[in-house]
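An overview of the molecular structure
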Amino acid sequence: MSFKLRAQLIIALVVIAVSSTFTFFHISNERRYASERSERSSENVKMAFDSMVRDTEHFYTFRAYANVRSEGVIEAIKKRDTETLYRLTLPRYKTLHEENPLLSIMQFHASDGRSILRMHRKEQFGDNIALRRPMLRAVHSTRKMVSGFEGGVGGIAFRIIMPVFDKEEYVGALEFGIDTPFFVDKIKQITGSESILLIHENVLGAADKSQYAEGIGEYRYASITEGQKGYMRAFMDKNPRMESKNIRIDSKDYEINPLFLHDSEGKKVGAVICINDVTGGYQNSVEAVVGSIVLTAILLILFWSLFEYAFGSLIGKLNLQERYIKTILNSQKNIVVVTDGKKIIYANLAFFDYFGYATLDNFLSEHSCICDFFESGESNEYLQSNMDGMLWTEYLLRYSSLEHKVKMCVAGKTSIFTVNSQKMTYDDQIRHVVVFTDITKLNELATQDVLTQVANRFQFDKVLEHSITLSQRYGRALSMMLIDIDHFKEVNDTYGHLIGDEVLKKLAHILTKGIRKSDIVARWGGEEFVILLPDSELSAAEKLAETLRLKIAESDFKPIIQVTCSIGVVQWNQGESSDHFLKRVDEKLYLAKESGRNCVVC
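Just so it is clear, the model here is predicted, and its values are computed rather than measured.

Here the second largest pocket is characterised by a volume of approximately 1,700 Å³. Along the walls of the second largest pocket sit 48 residues, with F62, Y65, R69, E528 and K593 positioned nearest its centre. Broken down by secondary-structure element, the contributors of at least two residues to the lining of the second largest pocket are α1 (3–69), α3 (82–99), β4 (155–166), α13 (457–474), β20 (478–485), α14 (488–495), β21 (520–525) and α17 (578–594). In terms of residue count, the dominant contributor to the lining of the second largest pocket is α1 (13 residues).

Following this line, the structure appears as structure tokens:
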């Protein structure tokens, strides 16, 4: 065998080995990224579901207080006067049912466990319902509010049961029940998931067992399609704990996430099974293999021919390889940069599309590092240019096992990215290949209120705890204001809920524009908003609250003549818990309402 042939065979083997390694690496990374995306998606869906449950509990807790505070209601409960109680609460019940048609239960209970009034079945009362209902027995026993999913005659519902007192005397309880499809529909709106409702066999005593005759394991379901049965069988196979799972059926990939429904004691009484079609990873792997074969064939022909030419021609052809690599990088939707830790050396097209620069030289004339765009957040979760005395690139390598996130703002638009880095060394020169993956949409699902686009209750609770920790550690001031739209129910009753939603969105916009970048505004529930003011004394917070109050009162909320707000303001006390902090600001808001509304109380 001639030297030429041996050299050509060696080149061919090297090309095939490199291509195979690259393909294997690409497919492995694709599967790993798909797994990570699936895990993050599962976590975000569960957080969104938990947030919905908490918001629903909070909303109907306030509605329960409003009902029992109405004139004559407590007296009617004490006297077990069903007719009077029905007459007094019917308008509120109708309003609540219009707000949420899936509100299936509003019921008053006497302290001895008997039903006084079922708003949804007025003619049926006087039965000792507590004998059949563990949550009711818990309320009568502890005289504290309980909530959770519990079975009933019509199936599972999310129930909130509030004890009712006349001064210090326990006189009974008020119960709200929301049908489970309310949460199923919300999850479908957020994720677009196909959903199946399961009920645990232990809670079918009061439900229609014939309706839930079929099932898998300990769970029963109503009518589902044969295709959905196939999903369930694959999901339950070797998965007795019903953990999140990816399955493959008929050449399609599905991500299945169970959202468990718990009663007031934390026991599982049912589940909502969310099914997402995530087909694409397999096709990407096939495309990678086919592309690798094609690329391998091209490279084999290329290198086989290149060997026939002089070394000068060979060097010219090698430049083509560089263009291939750039093409691959430029085809990526993720931002890819190569840096020495301080200055960018190379960037792909996604980088220029995002930052709005035509060339790298244009970018470097104004910025030396992509880290110039890194922003801090409400907590320490985002990467900064310097972390613990290290450059951000060094920090990524030191803690490569952790998930790192970056927050960047370009042209007024803020985006959240996950960051992964690889280190290269050549001739004593160090290069970092950094990939930024945009996760803004997933992050918004978990942290933003869907209607108003401000922070939701889950995100606010997280920021509040972090802010209190910082204030405790460094002795910083921290203030908070709670804002409630005056007579908002009348707005909904008079103009409808679509106008009411527009009022909420415009108010959120006014509040967001009226605060500092370091402050955070969140929707607290219903028509209430809360603003957290780090490094703000009470006097400054009061002044800001008065400015916001005037701005709201002067703003145009057509067709409504005027919208006003009541505001409570407090400053955090050293050593104070978040619950007590929130309780105090709620008390100040109540005083503002009692003082005639459209005012600030601190």
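There is more to say after this.
With that settled, consider the side chain of E527. Positionally, E527 belongs in the loop between β21 and β22 (528–534). Among the residues examined, E527 registers a relative accessible area of 16% and is labelled buried. Setting aside anything within four residues of it in sequence, one finds E527 in contact with R63, I483, D484, I485, F488 and L504.

Time to look at the pattern of salt bridges. Scanning the model with the defined rule gives 24 salt bridges in all. The shortest N-O distance in the salt bridge between D166 and K78 comes to 2.7 Å. Of the two residues, D166 is situated in strand β4 and K78 in helix α2 (residues 73–79); the sequence distance between them amounts to 88 residues. According to the relative accessible area criterion, K78 is partly exposed, its value standing at 36%.

One open sheet accounts for 6 strands, arranged β7-β8-β6-β11-β10-β9; its pairing is antiparallel. Looking at the sheet topology across the chains shown, the edges are occupied by β7 (214–216) and β9 (245–249). In this sheet, neighbouring strand axes are inclined to one another by 35° on average, regardless of whether the strands run parallel or antiparallel. Across 5 bridges, β9 lies against strand β10 (residues 252–262) in antiparallel orientation. Bridged to R248 within β10 is D253. Packing of helix α6 (residues 226–236) onto the sheet brings it into contact with β6 (194–200), β7, β8 (219–221), β9, β10 and β11 (268–277), and relative to β9 it is tilted by some 130°.

Most of strand β17 (residues 404–410) sits out of view: 6 of its 7 residues are buried. Counted between consecutive antiparallel strands, the loop separating β17 from strand β18 (residues 413–426) contains 2 residues, among which A411 sits at a positive phi close to 55°.

Here we come to the sheet that holds strand β23 (residues 565–571). Spatially, 5 strands are ordered β21-β22-β20-β23-β24 in an open sheet, and the strand pairing comes out mixed. Sheet topology places β21 and β24 (600–601) at the edges, where each strand pairs with a single neighbour. The pairing of β20 with β22 spans 7 bridges and is classified as antiparallel. Bridge pairing in β22 links I483 to F529. Against the sheet, helix α15 (residues 497–513) touches β20, β21, β22 and β23, its axis set at about 10° to β22.

Quick look at the nonpolar core now. One finds F49, F108, F149 and F183 to be the most contacted residues of the largest nonpolar core, which totals 41 residues. Looking at this core, the element that brings in the most residues is α1, giving 7 residues. When near neighbours in sequence (up to four residues on either side) are disregarded, F49 contacts F149, F183, I187, L259, F260 and L261.

Criteria and thresholds
- Residues numbered from 1 in each chain as written.
- Predicted model: local features only at pLDDT ≥ 70, side-chain atom pairs only at ≥ 80, totals over all residues.
- Heavy atoms only, no water.
- 1 Å grid on protein atoms, 1.4 Å probe; cavity = no way out; pocket = protein on both sides within 12 Å on 5 of 7 lines; lining within 4 Å.
- Points joined across faces, edges and corners; volume = space filled by probe spheres on them.
- Helix = DSSP H or I, 4+ residues; strand = E, 2+ residues; numbered from the N terminus.
- Buried < 20%, exposed > 50% of the residue type's maximum accessible area, 1.4 Å probe, protein only.
- Contact = heavy atoms within 4.5 Å.
- Salt bridge = Lys/Arg side-chain N within 4 Å of Asp/Glu carboxyl O.
- Pairing = 2+ DSSP bridges.
- Axes fitted to C-alpha atoms, helices over the stretch in contact; angles between N-to-C directions.
- Core = buried A, V, L, I, M, F, W, Y, C linked by side-chain atoms within 4.5 Å.

Structural measurements only, silent on function.
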